[in-house]
Structure formats: structure tokens, C-alpha cells
Amino acid sequence: LEFRRVLFRSLQERLGLVYLKRKSWKDASVVFLKCCKQGQNDFLPSTNAWISLGISQLRLGEYLLAEEAFTQANILDHLNPRPWGLLTVLCLQTA
């Protein structure tokens, strides 16, 4: 059962990445939001899911939601430079 959850979540994240590559920001946002919510219920959500959620929100112009997603990714892995860089991009866009 645990293997199925991990596999399903991995497939969800891949689907979200496909949406990001196709520039389907809203669809990507929905998928990554599900990944992050499920991760909070089952086990720790992946940093990449939070980062990808933030990117899709940023592209949609939802700056506060993007900031929350990048901040959550930073909390999960404070040594990962991507959330820091994306928070910087967000600050530059909103300044």
C-alpha cells in the first residue's frame, strides 16, 4: 500500500511537470496543490512539489500563494538554493 502511494504521488508530480512544460499553469497548480496536500496527510511533501506549485502560481500572477509555496519548500529543505532563488525572482517581479 505504501509503495502505491509513493508511485501515485510520483506520477502526479510528473503530470504536473508535463503541465508546466506545456505552460498549462492552472492545471499544473491544481496537480501540485493536490501533491502538497496529500503529502501533509500521508508523509512529508516533496520540496520539488512545493517549488513547482510556486512556479505555477507565479506564472498565474498569484504572488502571495507563490511566496507561501516557496517558503514551504525552503522550510522543508533550507539548503536547496532553488526556493531562495525563486523567492528572489518573486521579490523582483513584485517590487
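Bear in mind the structure is a predicted one, so any value in this text is a computation, not a measurement. (Residues numbered from 1 in each chain as written. Predicted model: local features only at pLDDT ≥ 70, side-chain atom pairs only at ≥ 80, totals over all residues. Heavy atoms only, no water.)

Time to look at the packing of helix α3 (residues 47-60) against helix α5 (residues 81-94). Packing of α3 against α5 leaves a shortest axis separation of 11 Å and a crossing angle of 15 degrees. By the criterion of interaxial angle, the relationship of α3 to α5 is roughly parallel. Taken as a pair, α3 and α5 cross one another with a handedness that is left-handed. For the pair α3 and α5, the contacting residues are Asn 48, Ile 51, Ile 55 and Leu 58 in the first and Arg 82, Pro 83, Leu 86, Val 89, Leu 90 and Gln 93 in the second. Counted by class, the contact of α3 with α5 contains seven nonpolar, two polar and one charged residues. (Axes fitted to C-alpha atoms, helices over the stretch in contact; angles between N-to-C directions. Helix = DSSP H or I, 4+ residues; strand = E, 2+ residues; numbered from the N terminus. Parallel < 35°, antiparallel > 145°, perpendicular 65-115°, else oblique. Left-handed = near helix turned anticlockwise from the far one by under 90°. Contact = heavy atoms within 4.5 Å. Nonpolar A, V, L, I, M, F, W, Y, C, P; charged D, E, K, R; others polar.)

Along the chain, Leu 58 falls in helix α3. Judged by relative accessible area, which is 10%, Leu 58 ranks as buried. Leu 58 sits 32 residues away from Lys 26 along the chain, and the two C-alpha atoms are 11 Å apart. Residue contacts for Leu 58: discarding those within four places in its chain leaves Tyr 63, Ala 66, Val 89, Leu 90 and Gln 93. (Buried < 20%, exposed > 50% of the residue type's maximum accessible area, 1.4 Å probe, protein only.)

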